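Commentary on secondary and tertiary structure
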Amino acid sequence: MKVLRLVAVMFLTLAGITVATADVWEKHGYDQQFREFPDASPSRRFPLGTDALGRDRLARLVYGTRVSLLLAPAAALVSCALALAAGGIAGLAGGVAERAILAAADLFLSLPWFFLLLIARASLPLNVSPAISVTIMFLLLGVLGWAAPARVIRASVRELRHADFILFAHASGIAPWRILAAHLAPNLRPVLRARFWIAIPAYILAEATLGMLGLGISEPLPSLGGLLRDLESIDISSRLWLLAPAVLLAAVMLSLQVLRPADPTL
Amino acid sequence: MAALVLLAGWGSAMLLRDAPGALVDERELNPRAGEETIAALRHNRARERSVAANLASYLRGLAHGELGFSESNHTSVAALIADRAPRTLRDVGCGLTLGWIAGLAAAVLVARFPRAWPCDVAFLGASAIALSLPAAFLAYLAMLAQATPKLVLAVVIAPEIFQYSRNVLRDGYGAAHVEMARARGVSESAILARHVFPAAAPPLIALAAASVSMAIGAAIPIEAICDAPGLGRLAWQAATARDLPLLINMTMLVALATTSAMTISEFFVRRGNR
């Protein structure tokens, strides 16, 4: 298992460095068209060939991976922050606030997450600039993913709220929000870390699925979902290199699965 | 449960009513549309503005079996759901059954024979790969292989069932009373049926409820990619066309299915704990 974890760390580090430094080493832009080479096969100039619009597939894969790898952790951070706020308030305040937050969480959890995401995404404009579509996707994933971690955090806060240091903080007149931020949050770190790592692969898959359904990030900005969508209109039986986005996605997801810490609440 | 279903419908209605561009009929942009036509279209859309009034009228209609009219499909929502539901119910039912049989059989095999580690590694690897790919991509591969959506659903469900039940069943097989039963010469099938499964039942029943939600969620991209005329594809079309009456009904239907599954599983878990 140690070897697997090491391989996963090395792969993710390598992938991270590769996509982060793409501007330095990648000669072609993700939207640069080579109109004389549409649908070209792999060559020294285009290692993964070009798409129907003559754009370098390798450049699009690298920049698309960068978008997906940045988007998912950022959205997971938003989810964890919202879950900490909601779960912390519910656990600390109790009473009506707790019941209201739990009811809202139940409402979110009563629907399959992808269905919820689909409705929310479709309610927002689809024909927008790439930057706005990235922001929409990032916020949607972050905002809609709060319910499950919030329930876990609320349970952890309820266990902690009668701890001596919290009672002492209350007795010293420290404001509830400060107790949550300065005293509870550090003690919830293992739970938050586990939820963060659980959320990242889920968000990468969600983006990929929405992208394949045409509800993802707008063209010309590539994402793993958008690149997989391209496959729908192509016969890949004799051009297996077109599966590169799927292989890379699977490798990233496998690495994240290997590195995912156990949830201490389970 | 009823409150949750209603809240889900109300929430989706609020979300869609306030969405940018919502409640604007694109037929208004038709240059040949006359003043009266545009006024009639706007009047119809204005009626959809009040969510509370719409919900009340929806509930009145529901009592008479009417679910509203789908603008994007030009037919009644009840007829659409009645037309598409059998296909999805069949696919989700078959997918869940196949997924559970495959996942549970692999988990029992791995838990029962801990020394068969190559088998465990192979199943774990296969399930990890299946969980690493989006359901939509698996559907695309299935389409190339001319496989059916129910098979894709099984491929999506089985790894989750395997990974979870493998751990639960391993704990069951490792219990002291199981060792004792084995030492007393109780057959392996009796150990599985009388000692391991009863102990593993509560988490597996909870997983059964969660797997219904998973299957419904996965049915949307799978049906959309495989072009299967079911409720999943209808939900996708309704979402992209912002068909408010259809989406509210779909949301309530999905919420009803998932909360029913959870309620039934809670009932059985409580009964088992008594």
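Conventions adopted
- Residues numbered from 1 in each chain as written.
- Chains lettered and ligands numbered in written order.
- Predicted model: local features only at pLDDT ≥ 70, side-chain atom pairs only at ≥ 80, totals over all residues.
- Helix = DSSP H or I, 4+ residues; strand = E, 2+ residues; numbered from the N terminus.
- Buried ≥ 20, exposed ≤ 12 C-beta atoms within 10 Å, placed from the backbone.
- Contact = placed C-beta atoms within 7 Å.
- Nonpolar A, V, L, I, M, F, W, Y, C, P; charged D, E, K, R; others polar.
- Expected span 1.5 Å × (residues − 1).
- Bend = angle between axes of the 7 residues up to and from the residue.
- pLDDT = per-residue confidence, 0-100.
- Core = buried A, V, L, I, M, F, W, Y, C linked by C-beta atoms within 7 Å.
- Axes fitted to C-alpha atoms, helices over the stretch in contact; angles between N-to-C directions.
- Parallel < 35°, antiparallel > 145°, perpendicular 65-115°, else oblique.
- Left-handed = near helix turned anticlockwise from the far one by under 90°.

1. Quick word on the overall build of chain B
- Along the backbone of chain B there are 11 helices and two strands.
- Secondary structure of chain B in N-to-C order comes out as α-α-α-β-β-α-α-α-α-α-α-α-α.
- Per-residue burial over chain B gives 39% buried out of 274 residues.

2. A look at the overall build of chain A
- Each helix and strand in chain A was counted, giving 12 helices and zero strands.
- Along chain A, helices and strands appear, N-terminal first, in the series α-α-α-α-α-α-α-α-α-α-α-α.
- Taken along the three principal axes of its C-alpha coordinates, chain A extends 75 × 45 × 30 Å.
- Here chain A holds 266 residues, and the buried ones make up 43% of them.
- Taking contacts inside chain A between residues at least 6 apart in sequence as the whole, the part at least 24 apart equals 69%.

3. Re the interface of chain B and chain A
- Contacts between chain B and chain A engage 38 residues on the former and 29 residues on the latter.
- Residue classes in the side of chain B that touches chain A are distributed as 27 nonpolar, 10 polar and one charged.

4. Re helix α9 (residues 188-226) of chain B
- The first and last C-alpha atoms of α9 of chain B sit only 42 Å apart over 39 residues, clearly below the 57 Å expected at 1.5 Å per residue.
- Ala-201 of chain B marks where α9 of chain B bends most, by close to 55°; the proline Pro-202 of chain B follows one to four residues later.

5. Examining the confidence of the model for chain B
Residue and element names in this part refer to chain B.
- Scored by pLDDT, chain B comes out at a mean of 84, with 89% of its residues at no less than 70.
- By mean pLDDT, helix α1 (residues 2-17) is the weakest element of chain B at 70, and helix α4 (residues 77-112) is the strongest at 93.
- The ipTM value of the predicted complex is 0.85, and its pTM value is 0.85.

6. Focus on the environment of Asp-23 of chain A
Residue and element names in this part refer to chain A.
- When you line up the elements, Asp-23 lands in helix α2 (residues 22-25).
- Residue class for Asp-23 comes out exposed when judged on the 11 C-beta atoms lying within 10 Å of it.
- In the structure, Asp-23 is positioned 39 residues away from Val-62 in sequence and 9.9 Å away in space, judged by C-alpha atoms.

7. Here's the deal with unusual backbone geometry
- With an omega dihedral of 5°, the bond running from Glu-219 of chain A to Pro-220 of chain A counts as a cis peptide bond.
- Inspection of the secondary structure puts Pro-220 of chain A in the loop between α10 (189-212) and α11 (224-231).
- Phi is positive for Asp-39 of chain A, which is not a glycine, with a value near 50°.
- Tracing the chain through its elements places Asp-39 of chain A in the loop between α2 and α3 (57-93).
- For Asp-39 of chain A, a count of 13 C-beta atoms within 10 Å puts it in the partly exposed group.
- Phi is positive for Gln-146 of chain B, close to 60°, though the residue is something other than glycine.
- By C-beta crowding, Gln-146 of chain B is classed as exposed, having 6 other C-beta atoms within 10 Å.

8. Brief notes about the nonpolar core
- Ranked by size, the top nonpolar core spans 142 residues in total, and within it Phe-115, Leu-118 and Tyr-203 of chain A together with Ala-139, Leu-153, Ala-215 and Ala-235 of chain B carry the most contacts.
- Considering each element in turn, this core owes the most residues, 18 residues, to α3 of chain A.
- When sequence neighbours within four positions are dropped, the list of residues in contact with Leu-118 of chain A reads Ile-220, Ala-235, Trp-236 and Ala-239 of chain B.

9. Focus: the packing of α11 of chain A against helix α12 (residues 244-259) of chain A
All names here are of chain A.
- Direction vectors running N to C along α11 and α12 enclose 140°, while the axes themselves pass 9 Å from each other. Comparing their axes, α12 and α11 come out oblique. For α11 against α12, the interelement crossing comes out left-handed. Along the contact surface, α11 presents Leu-224, Leu-227 and Leu-228, while α12 presents Pro-245, Ala-246 and Leu-249.
- For the contact of α11 with α12, the class distribution of residues is six nonpolar, no polar and no charged.

10. Things to note about the environment of Gly-88 of chain A
- Its place among the elements puts Gly-88 of chain A in helix α3.
- Sequence-distant contacts of Gly-88 of chain A, that is, excluding residues within four places in its chain, are made with Ile-153, Val-157, Leu-180 and Leu-184 of chain A.

11. Comments concerning the packing of helix α6 (residues 135-144) of chain B against α9 of chain B
All names here are of chain B.
- Packing of α6 against α9 brings their axes to within 8 Å, and their N-to-C directions diverge by 35°. Handedness of the α6/α9 crossing: right-handed. Where α6 approaches α9, its residues Ala-135, Ala-136, Ala-139, Tyr-140, Ala-142 and Met-143 are matched on the opposing element by Ala-218, Pro-221, Ile-222, Ile-225 and Cys-226.
- Its residues assigned to classes, the contact of α6 with α9 comprises 11 nonpolar, no polar and no charged.

12. Focus on the environment of Arg-270 of chain B
Residue and element names in this part refer to chain B.
- Inspection of the secondary structure puts Arg-270 in helix α11 (residues 244-273).
- With 10 C-beta atoms counted inside 10 Å, the residue Arg-270 sits in the exposed group.
- Spatially, the C-alpha atom of Arg-270 lies 8.5 Å from that of Pro-202, the residues being 68 residues apart in sequence.

13. Brief notes about α4 of chain B
- An ideal rise of 1.5 Å per residue puts 52 Å on 36 residues; α4 of chain B measures up with 49 Å between its terminal C-alpha atoms.
- The axis of α4 of chain B is deflected most strongly, by about 35°, at Ala-85 of chain B, and proline Pro-86 of chain B appears within four residues downstream.

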